[in-house]
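Summary of the model geometry
Next come the chains, spelled out residue by residue.
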Amino acid sequence: MSKIGIFFAEGFEEIEALTVVDVCRRCGLEIEMVSAYGEKQVLGSHGIRVEMDKTFGEADFESYDMLVLPGGGKGTQGLEACLSLMEKVDAFYKSGKYVAAICAAPSIFGHRGFLKGRKACSYPAFESHLEGATVTAGPAEIDGNVITSRGMGTSIDFALAIVKVLCGEEAAKDVAGKIVYGGYNA
């Protein structure tokens, strides 16, 4: 089964991050919540403190099939400021492994040149940061090894896109039905 590392920095958007964790675990995917820094607990943008599975130093990047970056303005800034994490994100992208980001976080991919010639989406205020992308208003975009999504309201679509690439279309449809999500369109 595939394994995902999802990275948290202070100010992360709680629903965007935890929806991915929940939906992926429902599908049997192993997903580790990792603090981008040394703290085991990370405070979200709406005051919700979440206990991480690992700190950055404990993360085993060799075991991950995908890296996920949740949004939140401050959280995205914190992720992008973590140079060690950005090195890992670059390495994943260059090796063809999946990278995924939602809300403000796709701006990181734009800044790193990952979106040139790709379809991508983000929170509307960050669309100008999707350098080189064909920007869409879709709830989630999968283009090659890059997955992007727009924000809290598209969190389930984002999580289902991750399930689709790692477990297949049928698994995504199955979990969408089990969570009574009628908006899923492959």
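Attention in this report is confined to the structure presented alongside it. Keep in mind the model is a prediction, meaning the values are calculated, not measured.

Cut-off values and rules
Residues numbered from 1 in each chain as written. Predicted model: local features only at pLDDT ≥ 70, side-chain atom pairs only at ≥ 80, totals over all residues. Heavy atoms only, no water. Helix = DSSP H or I, 4+ residues; strand = E, 2+ residues; numbered from the N terminus. Rg over C-alpha atoms; globule rule 2.2 N^0.38 Å. Buried < 20%, exposed > 50% of the residue type's maximum accessible area, 1.4 Å probe, protein only. Pairing = 2+ DSSP bridges. Core = buried A, V, L, I, M, F, W, Y, C linked by side-chain atoms within 4.5 Å. Contact = heavy atoms within 4.5 Å. Arc of directions from axis to C-beta. Phe/Tyr/Trp six-rings, centres within 6.5 Å; stacked < 30°, edge-to-face > 60°. Axes fitted to C-alpha atoms, helices over the stretch in contact; angles between N-to-C directions. Left-handed = near helix turned anticlockwise from the far one by under 90°. Nonpolar A, V, L, I, M, F, W, Y, C, P; charged D, E, K, R; others polar.

1. Some details on the overall build of the chain
Check the secondary structure of the chain and you find 6 helices and 11 strands. Taken against the 2.2 N^0.38 rule, which gives 16 Å for 186 residues, the C-alpha radius of gyration of the chain at 15 Å falls within 12% of a compact globule. The dimensions of the chain, computed from C-alpha atoms along their principal axes, are 40 × 35 × 35 Å. The 186 residues of the chain split such that 52% are buried.

2. What to know about the sheet that holds strand β11 (residues 146-149)
What the 7 strands build is an open sheet, ordered β5-β2-β1-β6-β7-β11-β10; its pairing is mixed. What marks the edges here is a single partner per strand, and that holds for β5 (54-55) and β10 (140-143). In this structure, strand β1 (residues 3-8) lies alongside strand β2 (residues 30-35), joined through 6 bridges in parallel fashion. Residue pairing across strands places I4 opposite I31, the latter belonging to β2.

3. Thoughts on the nonpolar core
One recurring pattern in soluble globular proteins: nonpolar side chains tend to sit buried together. With 32 residues, the main nonpolar core has I4, I6, V20, V68 and I162 as its most contacted residues. Secondary-structure elements contributing two or more residues to this core are β1, α1 (14-26), β2, β6 (66-69), β7 (98-102), α5 (155-167) and α6 (169-178). The dominant element in this core, judged by the number of residues it contributes, is α5, at 7 residues. Leaving out residues up to four positions away in the same chain, I162 has contacts with I4, V20, C24, M66, V68, A100 and I147. Ranked by size, the runner-up nonpolar core spans 28 residues in total, among them L67, V89, Y93 and L115.

4. With respect to helix α2 (residues 73-81)
When α2 is considered as a whole, its buried residues turn out to be G75, T76, G78 and L79. The buried residues of α2 occupy an angular sector of 160° when the element is viewed end-on, so they sit on one face. Among the exposed residues of α2, those oriented more than 90 degrees off its buried face are Q77 and A81. Where α2 is buried, its residues meet β1, β6, α3 (83-95) and α4 (106-111).

5. Side note on the environment of A81
By the element assignment, A81 lies in helix α2. As a C-alpha pair, A81 and A36 span 45 residues in sequence and 9.6 Å in three-dimensional space.

6. Points about the packing of aromatic side chains
In total, this model carries 8 aromatic pairs according to the counting rule given. These aromatic residues form a ring-pair network of at least three members: F7, F56, F61 and Y64.

7. Regarding the packing of α5 against α6
Remark: α5 packs on α6, axes separated minimally by 7 Å, with the N-to-C direction vectors making an angle of 145°. As α5 runs across α6, the sense of the crossing is right-handed. Counting all contacts with α5, which are made through L160, V163, K164 and C167, the residues of α6 involved are E169, A171, A172, V175 and A176. Residue classes in the contact of α5 with α6 are distributed as 7 nonpolar, no polar and 2 charged.

8. Details of unusual backbone geometry
Positioned with a positive phi, C103 is a non-glycine residue whose angle comes to about 70°. Its place among the elements puts C103 in the loop between β7 and α4. Classification of C103 as buried rests on a relative accessible area of 10%. Residues other than glycine seldom take positive phi values, yet V180 does so here, at roughly 60°. With respect to the helices and strands, the residue V180 is situated in the segment after α6. Accessibility expressed as a relative area gives 73% for V180, which makes it exposed.

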